[in-house]
Structures are given as C-alpha cells and as structure tokens.
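So the chains spell out like this:
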Amino acid sequence: ETLSTQDIQLGAMGAIEQARMLKDGTVSVEEMTRSAIRRAQAGAHLGFIDRPLFEEAVAQAKRMDEKLKDMTADEREALFAAQPLFGVPTTFKANLSYEGIPTTYGSRATGRNPQKETAQHLQEYLDIGMIPICTTDTSEFGFNGVTEPVGDAPTVNPHNPEFTAGGSSGGAAVSVSAGVV
C-alpha cells in the first residue's frame, strides 16, 4: 500500500505535535487515527502487530470528534489541559491487560479470554486521551531479548529486516521506529 504525503508527515511527528494539530483542529481525530492505521497496515510485514484494534480505534476517534465538534475555544483548551494527548494514536505491548480484549503475552497458551480490567499503566495513557490502534508483539511472556512470539513471525528491524527488532518490546519499538505512532 502506498501512503499519502500526509500519512508520512503525520507519522514523522511526535505525539505533542500531533496533539497540537488536533487541538487546533488542523486535522480531525478520525483522520489522525485512520492515518496511523494505514501506516500500521503498510508496515504489517515487519511483524509488530499482535492484535489489531482498528475498528475500535476508529469508533473511539469518531466519538472524540463528536465531543470536539461543538466546543468553544475555551472548552477545547480546558479539554486538552486535562487530556494533553487527546486523540493521539498509540500502540501498547501485548503483556498489558485492556478491558474487553484478550492479552496474549506473546504466547499461544494465552489470549483467549477478554480482560476484566485495564492495567494501570495503560489506563494512564487512556486517561490523557490516547487511542490504542493495536497491541504489539513481544517475546513469549517477555522473557527473551528478541521479539519472536510463539507461533508467529519474528518482529524485524524496519531499517534492515535482516536484523531483529530486539526484545522483549520489539513490536513497540518497531511501531515507533517505522513511524506508525
């Protein structure tokens, strides 16, 4: 898939810069989210995606845009003061529980049952407004120095696919290094 110039530009920006664009209304939350999803799909061959959350992310982005639609400048300012990364896409490692989503821990032995609660660390990202677009691969239970989940292709370095992405957070590293988030 060929990415648009805007997709590439948004992927080269940091979260603070993306949040600034969302706050100013330069881009909608849905546009920002769909762009990150397109970048994730274009980089899927790198083996960093554990579980796509694309539909959920777009639905959340639409709800966020609806919330922003009728806000005054002061209300928008207050929202972004409370949630500084409101609408910014993110990924998270497949060893964090997320309510309603199975957690795989990079293993075939897990990941069947939806979690009943969200891990505190992840909840803090959600509380500041970030939108998860996928979980990222990890080595089985995070035990190895390379990201080679059991039963799945290894996660590779986006700058040279002949090399590993490292581990156990290789999927997360690739999602950043490849400009997905």
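This text goes with the structure placed above it.
Each value, and the rule that gives it
- Residues numbered from 1 in each chain as written.
- Predicted model: local features only at pLDDT ≥ 70, side-chain atom pairs only at ≥ 80, totals over all residues.
- Heavy atoms only, no water.
- Helix = DSSP H or I, 4+ residues; strand = E, 2+ residues; numbered from the N terminus.
- Rg over C-alpha atoms; globule rule 2.2 N^0.38 Å.
- Buried < 20%, exposed > 50% of the residue type's maximum accessible area, 1.4 Å probe, protein only.
- Contact = heavy atoms within 4.5 Å.
- Areas by Shrake-Rupley, 256 points an atom, 1.4 Å probe, with all protein chains shown as cover.
- Salt bridge = Lys/Arg side-chain N within 4 Å of Asp/Glu carboxyl O.
- Pairing = 2+ DSSP bridges.
- Axes fitted to C-alpha atoms, helices over the stretch in contact; angles between N-to-C directions.

**Observations concerning the overall build of the protein**
Turning to step 1, where the next piece is worked out: Looking only at helices and strands, the protein has seven helices and five strands in total.
Turning to step 2, where the next piece is worked out: Reading the secondary structure of the protein in the N-to-C direction produces α-α-α-β-α-α-β-α-β-β-β-α.
Turning to step 3, where the next piece is worked out: Its C-alpha radius of gyration of 16 Å places the protein within 12% of the 16 Å reference for a compact globule of 181 residues.
Turning to step 4, where the next piece is worked out: Referenced to the eigenvectors of the C-alpha coordinate spread, the extents of the protein come out at roughly 50 × 40 × 20 Å.
Turning to step 5, where the next piece is worked out: Here the protein holds 181 residues, and 45% of them are scored as buried.
Turning to step 6, where the next piece is worked out: Intrachain contacts of the protein at a sequence separation of at least 6 include 64% that bridge at least 24 residues.
Turning to step 7, where the next piece is worked out: Only carbon and sulfur atoms are counted for the fraction: they give 50% of the accessible area of the protein, which is about 9300 Å².

**Focus on the pattern of salt bridges**
Turning to step 1, where the next piece is worked out: Evaluated as defined, the whole model comprises four salt bridges.
Turning to step 2, where the next piece is worked out: Between aspartate 7 and arginine 38 there is a salt bridge, and its shortest N-O distance comes to 2.8 Å. Of this pair, aspartate 7 sits in helix α1 (residues 5–12) while arginine 38 is found in helix α3 (residues 29–42), placing the two residues 31 residues apart along the sequence.
Turning to step 3, where the next piece is worked out: For aspartate 7, a relative accessible area of 2% gives the class buried.
Turning to step 4, where the next piece is worked out: The exposure class of arginine 38 is partly exposed, given its relative accessible area of 29%.
Turning to step 5, where the next piece is worked out: The residue lysine 69 makes a salt bridge to glutamate 66 at a minimum N-O spacing of 2.9 Å. Of the two residues, lysine 69 and glutamate 66 are both situated in helix α4 (residues 54–69); the distance of three residues between them amounts to about one turn of the helix.
Turning to step 6, where the next piece is worked out: The class of lysine 69 is exposed, set by a relative accessible area of 53%.

**A closer look at the sheet that holds strand β2 (residues 89–93)**
Turning to step 1, where the next piece is worked out: Taken in spatial order, the three strands line up as β1-β3-β2 in an open sheet, and their pairing is mixed. In this open sheet, the two edge strands, each paired with only one partner strand, are β1 (49–52) and β2. In this sheet, adjacent strand axes meet at a mean angle of 40° when their direction is disregarded.
Turning to step 2, where the next piece is worked out: As judged from the five bridges shared by β2 and strand β3 (residues 131–136), these two strands associate in the parallel manner.

**Describing the pairing of β3**
Regular strands show a simple pattern: their side chains alternate between the two faces of the sheet.
Turning to step 1, where the next piece is worked out: For β3, the buried fraction is high: six of the six residues fall into the buried class.
Turning to step 2, where the next piece is worked out: Summarising the sheet, β1 and β3 pair through three bridges and their orientation is antiparallel. Bridging across to β3, arginine 51 finds its partner in threonine 135.

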